[in-house]
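Observations on chain architecture
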Amino acid sequence: MAKEDRGFASMDRHKQRDIASKGGKAAQQKGTAHEWTSEEAREAGRKGGMASHRRKQEQQQSDESSGESPIAEEMVGSELG
């Protein structure tokens, strides 16, 4: 058996979700599950927003460096239509 054919990461996404869900439910019942404070939730949302914004900026920069422009593409498309 190859190394990449073993373990959690090699399972299909549905099976991973089922297993993770069971773990989360068990932790809730046991009382050991993490409960987010409003401060932790705020910080997590801030980090997610920053990461999303960074990805959008990087995508725009790569489009500009390759010479592609979404506005120019729209203009060409409208002239053809």
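Residues numbered from 1 in each chain as written. Predicted model: local features only at pLDDT ≥ 70, side-chain atom pairs only at ≥ 80, totals over all residues. Heavy atoms only, no water.

**Concerning the overall build of the chain**
This is how the line gets drawn: Strands here mean DSSP runs of E at least two residues long; helices mean DSSP runs of H or I at least four residues long; both are numbered from the N terminus. Exposure classes here rest on a 1.4 Å probe applied to the protein chains alone. A residue is buried below 20% of its type maximum, exposed above 50%, and partly exposed in between. Methods summary: accessible areas were calculated by the Shrake-Rupley approach with a probe of 1.4 Å, and residue burial reflects only the protein chains presented.
Each helix and strand in the chain was counted, giving three helices and zero strands. Put simply, the chain has 81 residues, and 4% of those count as buried. For the chain, the accessible surface area stands at approximately 7500 Å², while carbon and sulfur atoms represent 52% of it.

**Observations regarding the pattern of salt bridges**
Short version of the rule: By definition, a salt bridge exists where a carboxyl oxygen of Asp or Glu is found within 4 Å of a side-chain nitrogen of Lys or Arg.
For the structure on display, the rule yields two salt bridges. Notably, a salt bridge pairs Arg42 with Glu39, separated by 2.5 Å at the nearest N-O pair. Here the residue Arg42 and the residue Glu39 both occupy positions in helix H2 (residues 38-65), the gap between them amounting to three residues, near one helical turn. Its relative accessible area of 48% is what places Glu39 among the partly exposed residues. Glu43 is paired through a salt bridge with Arg46; the nearest N and O atoms lie 2.6 Å apart. Here Arg46 and Glu43 lie together in helix H2, a separation of three residues that amounts to about one turn. For Glu43, a relative accessible area of 29% translates into the label partly exposed.

**Quick notes on the confidence of the model for the chain**
Caution applies to low-pLDDT regions: their predicted coordinates should not be interpreted in detail. Counted only if it meets this: Summary of the metric used: pLDDT quantifies the predictor's per-residue confidence within the range 0 to 100.
In the predicted model, the chain carries a mean pLDDT of 83, and the fraction of residues at 70 or more is 80%. Model confidence for the chain, summarised as mean pLDDT per element, is weakest for helix H3 (residues 70-80) at 54 and strongest for helix H1 (residues 13-30) at 93.

**Examining H1**
Stated formally: Given a helix with a known number of residues, its expected span is that number minus one, times 1.5 Å.
Taking 1.5 Å per residue as the helical rise, H1 with its 18 residues ought to reach 26 Å, and the 26 Å between its terminal C-alpha atoms agrees with that figure. Gly31 lies just past H1 and shows a positive phi near 90°.

**Here's the deal with the side chain of Gln16**
Defined as follows: Residues count as neighbours in contact if any of their non-hydrogen atoms are within 4.5 Å of one another.
The residue Gln16 is located in helix H1 in this model. Sequence-distant contacts of Gln16, defined by excluding residues within four places in its chain, comprise Phe8, Ala9 and Met11.

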